[in-house]
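# Descriptive analysis of the structure
Chain by chain, the residues:
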Amino acid sequence: MSTTQKADSMVMPADIVPLLEQAEAEEMSEFQSLVVGEERTALSMASVRLRGGVCMSVGNDPDEYWNKALGFGFEAPVTTSLVSDVLDFYTTHQSRVAVLQFAPSVMPTHWEQIAREFGLQRTAGVIKFAAPVETVIAAGRSAELAEGLSVEAVRPEHAANWAHTVVSGMGMKENCFLPGSIGTVGHPAWRPFGVRDGDGNYVAGGNLRIHGPVATLFAGATLPQARNLGAQGALVRARALAAREAGCEWLFVETGPSTPERPNPSYRNMLRYGFEIAYQRPNWVWKRPLTHGVSNSISAGSRSAAVS
């Protein structure tokens, strides 16, 4: 990977944006593919690859999180035709809502016109972070895990208990998050880790997905009774060490913005663990037109698969 200097600080790969976007697109697509059989049918799940990106639909999604379209703008430009094809997919699958995610660098100059044409509404989206694996490992050396807690790789026989902990800690419904999380345990591209208390119960968990020379921190969460005890710092370092072992050079993660009105601890944590902001990416929310003038408030995509 060639590199470029950013903000007079760390040297990031020159191709950081496509790396981040494509790693996330593959991660989300693969995660949803791990939901199979009756569970997949019950959730009314579907996906399609389209012009270098991925569209994913979960018809029965109470969180309104998993209907995502992302990874576009690198193999083919973002155009009116592309957006039309993406929304045709969601219309065909009777999705009530969908979140379109485009990196700022691939947005066309007439994007506002396209957004108006299709009724897309902008929401805050996420902050994309990046850091060299070695930087995160070094930053984590001073992290302290409270006495009685231990971090470990998740074994198959503990997959369900670990997954329940992560889903509960994220505050999300089980839907596809639970079976997808279980499916990552033992998968060659994923490295799930958990933190146990003195009784052997999981109190925190997080995942890592390997994508060639880069890896992504995925879905870190801690149960309320174990917060502020160093669990997430231990999980970040454990996953960074796993990324190094897999031969990865860079770590990526995303989380929601942090403002004085709505501070986000995950945002501050990422900076403390050695990550730097690569860019901010808004969400563009589409809602299927409803009859009789009924409208819905926008909540889709408000959650982030981030470390908390």
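Residues numbered from 1 in each chain as written. Predicted model: local features only at pLDDT ≥ 70, side-chain atom pairs only at ≥ 80, totals over all residues. Heavy atoms only, no water.

### Focus on unusual backbone geometry
Of note in the backbone geometry, Glu64 takes a positive phi value of approximately 50 degrees without being a glycine. Following the sequence through the fold, Glu64 ends up in the loop between strand S4 (53-58) and strand S5 (68-70). For Glu64, a relative accessible area of 14% gives the class buried. Positive phi outside glycine occurs at Gln94, with the angle close to 55 degrees. Gln94 sits in the exposed class, given a relative accessible area of 62%. (Helix = DSSP H or I, 4+ residues; strand = E, 2+ residues; numbered from the N terminus. Buried < 20%, exposed > 50% of the residue type's maximum accessible area, 1.4 Å probe, protein only.)

### A closer look at the sheet that holds strand S9 (residues 193-196)
If you trace the 11 strands from one edge of the open sheet to the other, you get S3-S4-S5-S6-S13-S7-S12-S11-S10-S9-S8, paired in mixed fashion. The sheet terminates laterally at strand S3 (45-50) and strand S8 (150-153), the two strands that pair on one side only. Neighbour-to-neighbour, the strand axes of this sheet turn through a mean angle of 20 degrees, independent of strand direction. Contacts from helix H3 (residues 80-92) reach S3, S4, S5, strand S6 (97-101) and strand S13 (276-287) within the one sheet, and its direction differs from that of S4 by about 25 degrees. (Pairing = 2+ DSSP bridges. Axes fitted to C-alpha atoms, helices over the stretch in contact; angles between N-to-C directions. Contact = heavy atoms within 4.5 Å.)

### Some thoughts on helix H8 (residues 231-245)
Look at H8: 21 Å from first C-alpha to last across 15 residues, which is about the 21 Å you get at 1.5 Å a residue. Within H8, 11 of the 15 residues are buried, which leaves the element mostly enclosed by the surrounding structure. If you check which residues of H8 are buried, you get Ala231, Gln232, Gly233, Ala234, Leu235, Val236, Ala238, Arg239, Ala240, Ala242 and Ala243. Buried residues along H8 sit in contact with helix H5 (133-139), S8, S9, strand S10 (202-211), strand S11 (214-222) and strand S12 (250-255). Phi turns positive, to about 90 degrees, at Gly247, one or two residues after H8. (Expected span 1.5 Å × (residues − 1).)

### Things to note about the packing of H3 against helix H4 (residues 111-118)
The contact between H3 and H4 brings their axes to 10 Å, and the two run at 30 degrees. On the basis of the axis angle, H3 is roughly parallel to H4. Between H3 and H4 lies a crossing of right-handed hand. Contact residues: Thr80, Val83, Ser84 and Leu87 in H3; Trp111, Ile114, Glu117 and Phe118 in H4. (Parallel < 35°, antiparallel > 145°, perpendicular 65-115°, else oblique. Left-handed = near helix turned anticlockwise from the far one by under 90°.)

### Overview of the packing of aromatic side chains
Note on aromatic pairs: each is described by the distance of the centres and the angle between the planes. Applying the stated criterion to the full structure yields 12 aromatic pairs. Each ring, one from Trp66 and one from Phe177, has its centre 5.6 Å from the other, and the planes form 65 degrees; the classification is edge-to-face. Note that Trp66 is positioned in the loop between S4 and S5 and Phe177 in helix H7 (residues 177-184), a separation of 111 residues in sequence. Taking the relative accessible area as the measure of exposure, Trp66 reaches 1% and is therefore buried. Positioned above the aromatic ring of Tyr65, the side-chain terminus of Lys68 is 4.2 Å from the ring centre. Here the basic side chain of Arg196 rests over the ring of Tyr202, its NZ or CZ set 4.3 Å away from the ring centre. (Phe/Tyr/Trp six-rings, centres within 6.5 Å; stacked < 30°, edge-to-face > 60°. Lys NZ or Arg CZ within 6 Å of the ring centre and 35° of its normal.)

### Quick word on the environment of Ala139
Tracing the sequence through the fold places Ala139 in helix H5. According to the relative accessible area criterion, Ala139 is partly exposed, its value standing at 28%. Beyond its immediate chain neighbours, meaning those up to four positions away, Ala139 contacts Arg272, Tyr273 and Gly274.

### Digging into the pairing of S9
Moving residue by residue along a regular strand, the side chains alternate between the two faces of the sheet. Neither face of S9 is left uncovered, since the one carrying Phe193 and Val195 and the one carrying Gly194 and Arg196 both have all their residues buried. Inspection of the sheet shows S8 paired to S9 by 4 bridges, in the antiparallel sense. Counterpart to Val151 in the pairing with S9 is Val195. Relative to S10, S9 runs antiparallel, the two being bridged by 4 bridges. By the bridge assignment for S10, Gly194 is matched with Gly205. From the end of S9 to the start of S10, which pair antiparallel, there are 5 residues, and Gly200 there has a positive phi angle of about 85 degrees.

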